[in-house]
Amino acid sequence: MENGLKKMAFTVCSANHLAYAKTMADSLIQHAPDYTVIIGLADKNNNRFKDEDFLPHRIVEVESLAIPNFDAMSIQYNLIELNCALKPFIAQYIFNTEYPDILLYIDADIYFYQSPSEAEQILNDNAIAITPHFFTPINDGALPMERDVLRSGIYNAGFIAMKKHSITDNFLQWWAERLTNQCFYNFAEGMAVDQNWLNLVPLFFDRIAIMHHKGYNVAYWNLHERSLALNNNQIWVNNDVLLVFLHISGYKFETPQILSRHQTRFNLLQLPVLNKLLETYRNKVYENGYTKYIHLQCAYAKAEKKSTGLMAFANTILKPLGIKITNA
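Residues numbered from 1 in each chain as written. Predicted model: local features only at pLDDT ≥ 70, side-chain atom pairs only at ≥ 80, totals over all residues. Heavy atoms only, no water.

## Observations concerning the packing of aromatic side chains
And then number 1: With the rule as written, the count across this model stands at 28 aromatic pairs.
And then number 2: Ring centres of Tyr77 and Phe184 lie 4.9 Å apart, and the angle between their planes is 65 degrees; on these two criteria the pair is classed as edge-to-face. Here Tyr77 is found in the loop between helix H2 (70-76) and helix H3 (79-85), whereas its partner Phe184 is found in the loop between helix H7 (166-179) and strand S8 (185-186), with 107 residues between them in sequence. Just as Tyr77 is buried, Phe184 falls in that class too.
And then number 3: Members of the aromatic cluster, connected to one another through ring pairs, are Tyr20, Tyr111, Tyr113, Tyr251, Phe253, Tyr281, Tyr286 and Tyr290.
And then number 4: Looking at Arg151, its charged tip hangs above the ring of Phe187, at a distance of 5.4 Å from the centre. (Phe/Tyr/Trp six-rings, centres within 6.5 Å; stacked < 30°, edge-to-face > 60°. Helix = DSSP H or I, 4+ residues; strand = E, 2+ residues; numbered from the N terminus. Buried < 20%, exposed > 50% of the residue type's maximum accessible area, 1.4 Å probe, protein only. Lys NZ or Arg CZ within 6 Å of the ring centre and 35° of its normal.)

Next up, the structure:
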């Protein structure tokens, strides 16, 4: 898109993930300094930290946004569900008060290595751009399988590029209405929080772009089709395109030798480039206060119930997929 446009990005997290959010925002600004980042806090500060520690990024507490039905949402949803449900509401707030030309939603566990300029270019002719989890078949028996993505959503909700447009307004309103009371982790009822709603977006709305750039949203779910290589101090995907960002989902700092708790396909020790990137990423998150923030309790969201009996057994089997059956 043309120069001089107002570009903004936002994420949503509770206080325990603030170190991740700052790390993501810092990485974006490093490669795209014309962006302003807002951290939508699904929590209350309650004098537990200083907002100025996150500058130049801005923290906005969701309580200040007057979101319709927020009280009910904060009671009915657990922590992850609430964070996911708030995405369209915070996007609407930013469009209505900050008036950006471009707005990116970015998960807090993403890390940038290049500017998202390809997404900006795609928005020249489209209102919204989304990224599929992968483009090629999976033919082994490891996790995740194709049917897992059919259940959890074809498109990944961790990155959505939007521009100011009536189509974007209509999409956000439609999404917000659904997520008000249908953003549960409940696969039996066809719900995978906010994500599988995106399956319908290219059908319901015009000018929706599906991004094919394989340097976007590289993660455990698409490493079967994307290999990373270091060349001239830059990270390449399939020796074809530059890595724009990693989506570091399910990676636990306490077990850094494991790529993700959601997959069984890859051994991180056999992926030396990715292993080194994750080591550097982990150090940056620690520098941004991981130890300080990770144990902070959220002021909102109901406590998760411990499963018993048959449900507990099923959840044990499904745990590697990041799936949890609930009564919600």
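## Structural notes on the sheet that holds strand S12 (residues 234-237)
Sheet strands pair by backbone hydrogen bonding; their relative direction is either parallel or antiparallel.
And then number 1: The strand order S11-S12-S13 describes an open sheet built from 3 strands, whose pairing is antiparallel. Every other strand in the sheet has two partners, leaving strand S11 (228-231) and strand S13 (241-242) as the edge strands with one partner each.
And then number 2: Here S12 runs beside S13; their pairing, made up of 2 bridges, is antiparallel. In the sheet register, Trp236 faces S13, and the bridge partner there is Leu242.
And then number 3: Each of S11 and S12 touches helix H9 (residues 272-287); the most contacted strand, S11, lies at about 80 degrees to it. (Pairing = 2+ DSSP bridges. Contact = heavy atoms within 4.5 Å. Axes fitted to C-alpha atoms, helices over the stretch in contact; angles between N-to-C directions.)

## Looking at the environment of Ala192
And then number 1: Among the secondary structure elements, Ala192 is positioned in strand S9 (residues 191-192).
And then number 2: In this structure Ala192 comes out as buried when scored by relative accessible area, which is 3%.
And then number 3: Expressed as a C-alpha distance, the spacing of Ala192 and Glu81, which sit 111 residues apart in the sequence, is 9.1 Å.
And then number 4: When near neighbours in sequence (up to four residues on either side) are disregarded, Ala192 contacts Arg151, Ser152, Phe184 and Phe187.

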